[in-house]
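What follows is each chain in one-letter form.
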Amino acid sequence: MIVFLMILSFLSVVYINESIVFFCFIVGFPILYIINLYMKFIYHQSARQWSPKEKVVIITGASSGIGESLAYQFSRHGCILVLCARREALLAEVSKNCKLQGAKDVITVKVDVTKESEITTLIQQIEKEYNRIDCLILNAGISMGERLDEINDFNLIRKLMEVNYFGSTNFVYQALPLLKRSPKSRIVVVSSAAGLVGAPLRTGYSGSKFALRGFFTALACELSDNDIYVTIAYPGPVRTQINKARLGKDPHELDTSGGITPEKCAQIIYEATLNGDMEVMFETLGRAVRIMEGPFLYLNYWLVNKVQRSLNKNKRK
Ligand SMILES: NC(=O)c1ccc[n+]([C@@H]2O[C@H](COP(=O)([O-])OP(=O)(O)OC[C@H]3O[C@@H](n4cnc5c(N)ncnc54)[C@H](OP(=O)(O)O)[C@@H]3O)[C@@H](O)[C@H]2O)c1
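Residues numbered from 1 in each chain as written. Predicted model: local features only at pLDDT ≥ 70, side-chain atom pairs only at ≥ 80, totals over all residues. Heavy atoms only, no water.

Looking at an unreviewed UniProt entry, the protein carries the name Short chain dehydrogenase, with the source organism given as Gigaspora margarita. Under the Sequence similarities (unreviewed entry) heading, UniProt states for the protein: "Belongs to the short-chain dehydrogenases/reductases (SDR) family." (UniProt positions renumbered as here; feature names shortened; annotations may be inferred.)

Encoded structure:
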């Protein structure tokens, strides 16, 4: 049946025959939906045989925002936390709060994710102390706030790739041997809704987050034999400081007042980590956009552009 539906879908794409597309949609969608639900159930059954208690959890970008809230969320379940970022004073503060909230142990390490040697030193330190990593949360990131034709230095785009893309991919590359030493270990990547749909004023940001999707979905396939679960989170607006430090000479303001709190975001990511979910969408609009992406490309483009422009307001900081 699946093969039959796939052949029909293939024919519909090749011949762009609307009636075949319609037939496939009506007949095929419910069947494939049920098969997918069953596969998801089996996947979750296996992933849920994992408890966060006393697990070694690394969080990048833990000095503020979503990373800080994730640190508290995992603390409450008795994890051993390794928190990294560049601002040491803030990390020390977060560490203190984590201990109060129940973390079994907390280590803070100053790491700039664009510096390979700093990641290497951290991984060596973890190997010496714990000889494994149970959960790696790649959250460190920066954003931007200008149109491409307003940017006066292309290095801004390179910088976004350095932090958001190479910072996370290099980190997981170096952590992989330790992740393989722990059964059912987790890799969690904090992408963005802008990593699923192009966001105006954030070409470089969207590009770096789209790239993460390609890298980590491929990695998830490679790691399926190792029983390692990869989760990609695509939050919409979250009320953090990220937009205060958007790259650019004179960045536009982004209205995140309608967004969720970092605590709520962290709670959703935490639950998805336990489930081993392949991806996490945060709000109805995000989910709708994700579903519409394929069959309703032009409608989707119009909708995303309209919503994003209202958020950007075209105002300067
Ligand atoms: N807020 C939103 O609306 C939103 C929506 C979707 C996705 N996200 C994503 O969520 C993640 C966290 O952002 P946030 O909103 O929580 O913003 P945030 O409060 O500004 O946090 C960003 C974190 O990244 C760290 N960081 C930045 N550059 C780094 C570097 N070179 N090396 C190491 N750490 C670095 C920062 O720490 P230091 O400065 O101390 O190094 C900070 O802890 C980002 O990946 C962002 O793209 C945010």
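Moving on, there is more to tell.
Chemist: Explain unusual backbone geometry to me, using residue names and the numbers behind them.
Modeler: Phi is positive for E54, close to 60°, though the residue is something other than glycine. Its location among the elements puts E54 in the loop between α2 (18-47) and β1 (56-60). Of note, N131 is a non-glycine position whose phi angle comes to about 60°, a positive value. Tracing the backbone shows N131 in the loop between α5 (116-129) and β4 (135-138). Owing to a relative accessible area of 41%, N131 belongs among the partly exposed residues under this scheme. (Helix = DSSP H or I, 4+ residues; strand = E, 2+ residues; numbered from the N terminus. Buried < 20%, exposed > 50% of the residue type's maximum accessible area, 1.4 Å probe, protein only.)

Chemist: Which residues make up the site of the ligand, and what values go with them?
Modeler: The environment of the ligand is made up of 28 residues, and the closest members are I66, R86, N139, Y205 and T240. Take V113: an N or O atom from its main chain is 2.9 Å from a nitrogen atom of the ligand. V238 is positioned with one of its backbone polar atoms (N or O) 2.8 Å from an oxygen atom of the ligand. Starting from 880 Å² of accessible surface for the ligand in isolation, the protein chains cover 94%. Put simply, the parts of the chain that give the shell around the ligand at least two residues each are α3 (65-75) and α7 (203-223). For the shell around the ligand, a count of residues per class yields 14 nonpolar, 10 polar and four charged. (Near = heavy atom within 4 Å. Polar contact = N/O pair within 3.5 Å; in protein donor to acceptor, adjacent residues only side chain to side chain. Areas by Shrake-Rupley, 256 points an atom, 1.4 Å probe, with all protein chains shown as cover. Nonpolar A, V, L, I, M, F, W, Y, C, P; charged D, E, K, R; others polar.)

Chemist: How would you sum up the side chain of D112? Please name residues and give values.
Modeler: If you trace the backbone, D112 turns up in the loop between β3 (105-110) and α5. Given the relative accessible area of 16%, D112 is considered buried. Discounting residues that sit within four places of it in the chain, D112 has contacts with R86 and E118. (Contact = heavy atoms within 4.5 Å.)

Chemist: Can you tell me about the pairing of β1, naming the residues and giving the values?
Modeler: Burial runs high along β1: five of the five residues are buried. A two-sided burial pattern is seen for β1, the buried positions comprising V56, I58 and T60 on one face and V57 and I59 on the other. Direction of pairing for β1 relative to strand β2 (residues 80-85): parallel, over a ladder of five bridges. Bridging from a neighbouring strand, T60 pairs with C84 of β2. In this fold, the crossover linking β1 to β2 by way of α3 has right-handed handedness. (Pairing = 2+ DSSP bridges. Right-handed = clockwise from strand over helix to strand, strands pointing away.)

Chemist: I'd love a proper account of the environment of M278, names of residues and values included.
Modeler: Here M278 shows up in the loop between α8 (262-275) and β7 (279-281). Under the relative-accessibility criterion, M278 is labelled exposed at 56%. Spatially, the C-alpha atom of M278 lies 8.5 Å from that of A220, the residues being 58 residues apart in sequence. Among all residues touching M278, those that are not within four sequence positions of it are Y43, V230, T231 and I232.

Chemist: Can you explain the sheet that holds β3? Please cite residues and give values.
Modeler: Overall, parallel pairing links the seven strands, which are arranged β3-β2-β1-β4-β5-β6-β7 in an open sheet. Each edge of the open sheet is held by one strand with a lone partner, namely β3 and β7. Pairwise comparison of adjacent strand axes, ignoring direction, gives a mean angle of 15° for this sheet. Where strand β6 (residues 229-234) meets β7, three bridges bridge the pair, whose relative direction is parallel. Across the sheet, I232 pairs through a bridge with E279, a residue of β7. (Axes fitted to C-alpha atoms, helices over the stretch in contact; angles between N-to-C directions.)

Chemist: Let's hear about the nonpolar core: which residues, and what values?
Modeler: I126, I133, L136, F171, L179, I187 and F216 are the most contacted members of the largest nonpolar core, which has 48 residues in total. For this core, the leading source of residues is helix α6 (residues 155-179), giving 11 residues. Beyond its immediate sequence surroundings of up to four residues, L179 is in contact with I133, D134, L136, V172, S185, R186, I187 and I228. Listed in part, the 32 residues of the second largest apolar core include A103, V190, A233 and C265. (Core = buried A, V, L, I, M, F, W, Y, C linked by side-chain atoms within 4.5 Å.)

Chemist: So what's going on with the domain arrangement of the protein? Residues and values would help.
Modeler: Where interface size is quoted, it is often the accessible area lost as the parts come together. Per the domain assignment, the segments of the protein are domain 1 (1-47) and domain 2 (53-312). Between domain 1 and domain 2, the C-alpha centre-to-centre distance is 31 Å. Counting each side, the surface lost to burial between domain 1 and domain 2 is near 590 Å², with a carbon and sulfur contribution of 51%. Among the residues of domain 1 in contact with domain 2, Y43, H44 and A47 are the three that bury the most area, contributing 73% of the side total. At the boundary of domain 1 with domain 2, the tally comes to zero salt bridges. Counting across the domain 1 and domain 2 interface gives four residue pairs in polar contact (both at pLDDT 80 or more). A breakdown of the residues in the side of domain 1 that touches domain 2 according to their chemical character gives two nonpolar, two polar and no charged. (Domains from an automatic or database assignment. Buried area = accessible area lost by both parts, 1.4 Å probe. Salt bridge = Lys/Arg side-chain N within 4 Å of Asp/Glu carboxyl O.)

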